[in-house]
Amino acid sequence: MVCRVSRIALTLVSLTLVAGAAIAQPIENELTLITPVAKTLTDPTLADFAKYAKETWNITLKTSALAAGTPVAYGRIVEWKGRPEADIFWGGESALFDKLAEQNLLAKLDLPKATVDSIPDSIGKPRPIPLKDPKGYWIGTVLEPYGLVYQPTVLKRLGVPEPKDWDDLLNPKLKGHVAQCAPTRSSSSHATYEVILQRDGDEKGWAWLKRLGANTGIFTARSRDVPSVVARGEFAAGFAVPSYMAFEDRLAGFDLKFVAPKTAWITPEPIAVIAGAKHAKAARAFIEYLLSERGQRVAMERGVFPITPKFRVQGAPGSRAEMAVEFTGGVRSYFDTDVNNIYDDAKAQGRYQQVNEQFRKDIESAWETLKR
């Protein structure tokens, strides 16, 4: 009897020690992202999350981000086969997240119900843009339009009005003055190519994209480079630019303007925990942080918009938040506007490689001919 009581006592002590360890170390002390999202957004959010981890759990968190375009990031996660070198996949097209989930390469998020419920299922008409995965493998983080940037001084010199819609980039006076990134290297460019193809149909859409190719003076290596070359006045306008990438050049003091055409694709910048992640607790904690008011405020000061209807981009006069509102045409929340979405994500993903191959054949390989 005494031995049995001793064993029970030892068991209780062991359980207490385990529970105490769990409380002392609720998350791991390291976190790695793989992401197409630019450092101008990932760096401040990771830095503030590390500060939050110190304040909340007294943990010194080491963070890092592997920069990779969406198709490249997707390919690497597939190659890792459940033994990933990163914990989180953040940013890009949600259909690629669905494909990863189908291959059992994403883990269920298991976020608090209140957090998940605060984000609507979708936004926009006539084709709703999904903001979260009903199966629970990914969730949106911010809303970000892919639009046009332009340099007012250069446009004035060329005698070209400030663009408002996609078609304005086909102005003959812009020949050689448009910058874009190939859809094979950029998810924002790929999605915007699809907007044109789905708006006009394949035949007219590819004819439109060839005309844009004829006006294009550079295909940049990264989508991030498009607003930069326009900001410096090397080109007059840029195609398929994420709002926050352009905003960083505005913050740097360049005379750069942004406009989201009425059919601009708006991404929810999905986020997911990669199956087999070494730091899964830290990954989930980061996602919860990012969806909290604190995380949303940090993101909104970088030129993106809240993923929940309860937040607005707002700050003191002269603040980054107010500069972002002015830069993006006065928008504080996309839940306050009528989002006109024509982009069919399933259709786009069903022909992803086909569009890339046709781009290489009809535009990339024929670019010099198109320009002539």
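Residues numbered from 1 in each chain as written. Predicted model: local features only at pLDDT ≥ 70, side-chain atom pairs only at ≥ 80, totals over all residues. Heavy atoms only, no water.

**Let's talk about the packing of aromatic side chains**
Condition: Aromatic contacts are taken between Phe, Tyr and Trp rings whose centres are within 6.5 Å, Trp giving its six-membered ring; a plane angle under 30 degrees counts as stacked, one over 60 as edge-to-face, and the others as tilted. Burial status follows relative accessibility: with a 1.4 Å probe on protein chains alone, a residue under 20% of its type maximum counts as buried, one over 50% as exposed, and anything between as partly exposed. In this description a helix means any DSSP run of H or I spanning at least four residues, a strand means any run of E spanning at least two, and both kinds are numbered starting from the N terminus. Two conditions define a charge located above a ring, namely a distance within 6 Å from the ring centre to NZ of Lys or CZ of Arg, and an angle within 35 degrees of the ring normal.
Scanning all chains against the criterion turns up 19 aromatic pairs. An angle of 5 degrees between the planes, with centres 4.3 Å apart, marks the rings of Phe-89 and Phe-97 as stacked. As far as the burial class goes, Phe-89 and Phe-97 line up, both buried. A centroid spacing of 5.7 Å and a plane angle of 45 degrees characterise the contact between Phe-247 and Phe-327, whose relative ring orientation is tilted. Linking Phe-247 in helix α10 (residues 243-251) with Phe-327 in helix α13 (residues 320-327), this pair joins segments that are 80 residues apart in sequence. Grouping residues by exposure puts Phe-247 and Phe-327 together as buried. Within the aromatic cluster, the residues linked to one another by ring pairs are Trp-166, Tyr-193, Trp-206, Trp-208, Phe-219, Phe-239, Phe-359 and Trp-367. Directly above the ring of Trp-367 sits Lys-371, whose terminal nitrogen or CZ lies 3.8 Å from the centroid.

**A few points about the nonpolar core**
Cut-off, in case you're wondering: Here, nonpolar core refers to any group of buried Ala, Val, Leu, Ile, Met, Phe, Trp, Tyr and Cys residues whose side-chain atoms link them within 4.5 Å. What makes two residues a contact is simply this: any of their non-hydrogen atoms within 4.5 Å.
Counting residues in hydrophobic clusters, the biggest one holds 87 residues, and the most contacted among them are Leu-31, Ile-88, Trp-90, Phe-239, Phe-286 and Ile-287. Sorting elements by how many residues they give to this core places helix α11 (residues 280-291) first, with 8 residues. In contact with Phe-286, other than residues within four places in its own chain, are Leu-31, Leu-33, Thr-45, Leu-46, Phe-49, Ile-88, Trp-90 and Ile-271.

**With respect to the sheet that holds strand β3 (residues 88-90)**
Rule in force here: Strand pairing follows a simple DSSP-based rule, namely that at least 2 bridges must link the two strands.
Taken in spatial order, the 5 strands of this open sheet run β2-β1-β3-β14-β4, and their pairing is mixed. Sheet topology places β2 (62-67) and β4 (106-107) at the edges, where each strand pairs with a single neighbour. Pairing analysis gives 2 bridges linking β4 to strand β14 (residues 271-274), with the strands arranged antiparallel. Directly across from Leu-106, in β14, lies its bridge partner Ile-274.

**Some details on the side chain of Asp-249**
Relative to the elements of secondary structure, Asp-249 occurs in helix α10. For Asp-249, a relative accessible area of 7% corresponds to the buried category. Not counting chain neighbours up to four residues away, the residues in contact with Asp-249 comprise Arg-224, Pro-227, Ser-228, Ala-231, Phe-254 and Leu-256.

**Section: the confidence of the model for the protein**
Quick note on the threshold: Residue-level confidence of the predictor, termed pLDDT, takes values from 0 up to 100.
Looking at the protein, pLDDT values average 91 and 93% of them are 70 or higher. Confidence drops under pLDDT 50 across residues 2-6; counting only partners more than four residues distant or on other chains, this segment forms 0 contacts. In the predicted structure, residues 8-24 sits below a pLDDT of 50 and forms 0 contacts with residues beyond four places in sequence or in another chain.

**A closer look at the packing of helix α3 (residues 70-80) against helix α4 (residues 94-102)**
Two numbers describe a pair of packed helices, the interaxial angle and the distance between the axes. For clarity, the threshold we go by: Note on geometry: axes are lines fitted to C-alpha atoms, helical ones only across the stretch in contact, with angles between N-to-C directions running from 0 to 180 degrees. Should an angle fall under 35 degrees it is taken as roughly parallel, and over 145 as roughly antiparallel, whereas 65 to 115 is taken as roughly perpendicular and any remaining angle as oblique. All amino acids are sorted into three groups, where Ala, Val, Leu, Ile, Met, Phe, Trp, Tyr, Cys and Pro are nonpolar, Asp, Glu, Lys and Arg are charged, and the leftover types, Gly among them, are polar.
Running from amino to carboxyl end, α3 crosses α4 at an angle of 5 degrees, the nearest separation of the two axes being 11 Å. What the angle tells us is that α3 and α4 run roughly parallel. Between α3 and α4, the residues in contact are Thr-70, Tyr-74, Ile-77 and Val-78 and Leu-96, Lys-99 and Leu-100, respectively. Across the contact of α3 with α4, the residue classes tally to 5 nonpolar, 1 polar and 1 charged.

**Observations regarding helix α12 (residues 293-300)**
Within α12, the full set of buried residues consists of Gly-295, Gln-296, Val-298, Ala-299 and Met-300. Buried residues along α12 sit in contact with α2 (39-57), β8 (142-150), α11, β15 (305-306) and α13.

**Description of the pairing of strand β11 (residues 237-242)**
Regular strands have side chains that alternate between both faces of the sheet. The element β11 is largely enclosed, with a buried count of 6 among its 6 residues. Alignment of β8 against β11, held across 4 bridges, turns out to be antiparallel. Counterpart to Gly-147 in the pairing with β11 is Val-241. Of the pairings in the sheet, the one linking strand β9 (residues 178-181) to β11 comprises 2 bridges and is parallel in character. The residue of β11 that forms the bridge with Val-178 is Ala-237.

**Considerations on the pattern of salt bridges**
Spelled out, the test is: By salt bridge we mean one thing: a side-chain nitrogen of Lys or Arg within 4 Å of a carboxyl oxygen of Asp or Glu.
Tallied over the entire structure, the rule returns 20 salt bridges. Close ionic contact of Arg-127 with Asp-344 constitutes a salt bridge, the shortest N to O distance being 3.4 Å. With Arg-127 in the loop between β6 (125-126) and β7 (129-130) and Asp-344 in the loop between β16 (340-341) and α14 (345-350), the pair connects residues that are 217 residues apart, well separated along the chain. Here Arg-199 and Asp-167 are joined by a salt bridge, their closest N and O atoms 2.9 Å apart. Within this pair, whereas Arg-199 is found in helix α7 (residues 187-200), its partner Asp-167 is found in the loop between α6 (152-158) and β9, the two being separated by 32 residues in sequence.

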